[in-house]
Amino acid sequence: MSKIIDGKQISAQVKQAVAEEVAQLKTEGIHPGLAVVLVGDNPASKVYVGSKEKACEQLGIYSEKYLLPGETTEEELLELVEKLNHKPEINGILVQLPLPEQINEETIINAIDPIKDVDAFHPNNVGKIMIGDFDFLPCTPAGIMDLIASTGVSIEGKNCVVIGRSNIVGKPMSMLLLHKNGTVTICHSRTQNLAEITRKADILVAAVGRPNFVTGDMVKEGAVVIDVGMNRLENGKLCGDVNFAEASERASYITPVPGGVGPMTIATLMRNTVTAAKLQAGRSKE
Ligand code: NAP
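What you are looking at is a predicted structure, and each value in this text was computed from that prediction instead of being measured.

### A look at the overall build of the protein
Within the protein, the secondary structure is distributed over 10 helices and 11 strands. Since a compact globule built from 286 residues should have a radius of gyration of about 19 Å, the 19 Å found for the protein is in line with a globular shape. Principal axes of the C-alpha set define a box for the protein whose edges measure 50 × 40 × 35 Å. Out of the 286 residues belonging to the protein, those deemed buried represent 49%. Carbon and sulfur atoms make up 51% of the accessible area of the protein, which totals about 13,600 Å². Counting 28 positive and 35 negative side-chain charges, the protein places the averaged centre of each group 5 Å from the other.

### A short note on the sheet that holds strand 3 (residues 62-68)
In spatial order, the strands read 3-2-4; together these 3 strands make up an open sheet with parallel pairing. Of all strands in the sheet, those with a lone pairing partner are strand 3 and strand 4 (92-95), marking the two edges. This sheet shows a mean twist of 15° between the axes of neighbouring strands, independent of strand direction. Looking at chain direction, strand 2 (residues 33-39) and strand 4 are connected through 4 bridges and run parallel. Bridge assignment links Ala35 to a residue of strand 4, and that residue is Ile93. Seen against the sheet, helix 2 (residues 43-59) touches strand 2, strand 3 and strand 4 and runs at an angle of roughly 165° to strand 2. Those strands touched by helix 3 (residues 74-85) are strand 2, strand 3 and strand 4, and its axis lies near 170° from that of strand 3.

### Points about the nonpolar core
Leu34, Ile61, Leu177, Val205, Ile226 and Met270 are the most contacted members of the largest nonpolar core, which totals 52 residues. For this core, the element with the highest residue contribution is helix 10 (residues 261-280), accounting for 10 residues. Grouped together as the second largest cluster of nonpolar side chains are 19 residues, Leu68, Ile90, Leu99 and Ile112 included.

### Side note on the site of the ligand
Every one of the 20 residues lining the ligand counts as a neighbour, but Arg165, Ser166, His188, Ser189 and Thr265 are closest to it. Taking Ser166, its side chain carries an N or O atom lying 2.5 Å from an oxygen atom of the ligand. A distance of 2.5 Å separates an oxygen atom of the ligand from a polar side-chain atom of Ser189. Here the ligand loses 72% of its free accessible area of 930 Å² to cover by the protein chains. Top element by residues in the shell around the ligand is helix 10. It accounts for 3 residues. Of the residues belonging to the shell around the ligand, the class tally is 8 nonpolar, 10 polar and 2 charged.

### What about the UniProt feature "domain: Tetrahydrofolate dehydrogenase/cyclohydrolase catalytic" (unreviewed entry) in the protein?
Taking the numbering used here, the UniProt-annotated feature "domain: Tetrahydrofolate dehydrogenase/cyclohydrolase catalytic" (unreviewed entry) corresponds to residues 5-119. Its end C-alpha atoms 24 Å apart, residues 5-119 is made of 50% helix and 16% strand.

### Let's talk about the side chain of Asp117
For Asp117, the position within the fold is in the loop between helix 4 (105-111) and helix 5 (123-131). Although Asp117 lies buried, it forms no salt bridge, and the closest oppositely charged side chain, Lys128, sits 9.6 Å away as judged by the N-O distance. Separated by 2.6 Å, the side chains of Asp117 and Asn125 make a polar contact. Those residues in contact with Asp117 that sit more than four places away from it in its chain are Ile112, His122, Asn125 and Phe136.

### As for the sheet that holds strand 11 (residues 253-254)
Strand order in the open sheet made by the 6 strands is 1-11-8-7-5-6, with parallel pairing throughout. Where the open sheet ends on each side, the last strands, each with one partner, are strand 1 (3-4) and strand 6 (183-187). The sheet contacts of helix 7 (residues 170-179) involve strand 5 (159-163), strand 6 and strand 7 (203-206), and relative to strand 5 the element is tilted by about 170°.

### Here's the deal with a negative patch on the surface
On the surface, Glu71, Glu75, Glu76 and Glu79 cluster together to form a negatively charged patch. Note on placement: Glu79 falls in helix 3. Overall, the relative accessible area of 60% leaves Glu79 in the exposed class.

### So, unusual backbone geometry
Cis geometry is adopted by the peptide bond preceding Pro98, which originates at Leu97 and carries an omega value of 0°. You can see Pro98 is positioned in the loop between strand 4 and helix 4. In this chain, Val257 is followed by Pro258 through a cis amide linkage whose omega measures 0°. Tracing the sequence through the fold places Pro258 in the loop between strand 11 and helix 10.

### Quick word on the UniProt feature "binding site: NADP(+)" (unreviewed entry) in the protein
Listed under "binding site: NADP(+)" (unreviewed entry) in the UniProt record, and renumbered for this structure, are Gly164, Arg165 and Ser166. Locating Arg165 in the fold gives a position in the loop between strand 5 and helix 7. Overall, Arg165 belongs to the partly exposed group, its relative accessible area being 40%. For Arg165, the contacting residues outside a window of four places in its chain are Gly170, Lys171, Ile186, Cys187, His188 and Arg190. If you trace the backbone, Ser166 turns up in the loop between strand 5 and helix 7. Judged by relative accessible area, Ser166 falls into the partly exposed class, the value being 33%. The contact partners of Ser166, leaving out residues within four places of it in the chain, are Lys171 and Pro172.

Criteria and cut-off values
- Residues numbered from 1 in each chain as written.
- Predicted model: local features only at pLDDT ≥ 70, side-chain atom pairs only at ≥ 80, totals over all residues.
- Heavy atoms only, no water.
- Helix = DSSP H or I, 4+ residues; strand = E, 2+ residues; numbered from the N terminus.
- Rg over C-alpha atoms; globule rule 2.2 N^0.38 Å.
- Buried < 20%, exposed > 50% of the residue type's maximum accessible area, 1.4 Å probe, protein only.
- Areas by Shrake-Rupley, 256 points an atom, 1.4 Å probe, with all protein chains shown as cover.
- Lys, Arg positive; Asp, Glu negative; His and termini not counted.
- Charge placed at Lys NZ, Arg CZ, Asp CG, Glu CD.
- Pairing = 2+ DSSP bridges.
- Axes fitted to C-alpha atoms, helices over the stretch in contact; angles between N-to-C directions.
- Contact = heavy atoms within 4.5 Å.
- Core = buried A, V, L, I, M, F, W, Y, C linked by side-chain atoms within 4.5 Å.
- Near = heavy atom within 4 Å.
- Polar contact = N/O pair within 3.5 Å; in protein donor to acceptor, adjacent residues only side chain to side chain.
- Nonpolar A, V, L, I, M, F, W, Y, C, P; charged D, E, K, R; others polar.
- UniProt positions renumbered as here; feature names shortened; annotations may be inferred.
- Salt bridge = Lys/Arg side-chain N within 4 Å of Asp/Glu carboxyl O.
- Patch = residues over 30% accessible without salt bridge, like charges linked within 9 Å, V, L, I, M, F, W, Y side chains within 5 Å.

In structure tokens form, the structure reads like this:
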């Protein structure tokens, strides 16, 4: 039976450290601030935006929330981003994805000032991550790195398999594992013999978006299994990409859904906002 990696507990530790740093920075005249922008009324996005606002409040981070109607044009959203780029109280800008179809996500991401891009989706930040010399790390993969670190299992030299190659999770995740000297395989919908590959994974990260996609027979005995999936079932329950009951029979460590990767994503966003505030005040990110 595997040990559960408690994302709630680990994220609480990260948040505590961030809250202490925020309090210290305020005594030095630096007040970290985050703007969260939501276009439309996607119920899942509303929940994420609400959690981010609440986390800011808890940690003493100033926050502004912009709720725009679903019919907002690309031009209107660009105008808001431009305003936030120049607003001194705002150090981090997060535009909640997905955006309605009349708005090109890439155009919006590219418009965010890279130094305020706390999601680390702007091409400048993506490029820096590739090189390994970055200001911010994307929230979900960075949170996962903290979860893996909490197990004490070293990534160096291990077979790491990431299922999913999205710009938000799969690709940056693979890069972070590579930076830690993992031997990384990236799988996607065209991958052949997926189970054969995943069965060789010492560290398996599933970011597919399909409930219970990873079954027990796809997991190597003793593997660390990270479930990124957040799938809403018809009964309203959240379900991961990994069949938890089966995989936990074989894994050494496993993340639950909910209570695994999700809370870490928000904690990392808070950390990135503080980093952005420090950089904008001319400090180092450390
Ligand atoms: P995405 O953009 O839809 O990407 C899904 C990836 O899975 C794609 O690369 C796709 O391959 C691959 N895939 C689909 N079917 C597959 C199959 N049969 N075999 C192998 N690979 C397959 O999703 P995402 O944004 O990366 O998110 C993935 C999941 O993580 C979702 O459930 C999302 O809600 C969740 N998520 C959670 C958090 C969090 O904080 N916990 C944050 C972000 C995302 P192709 O590229 O070939 O299409």
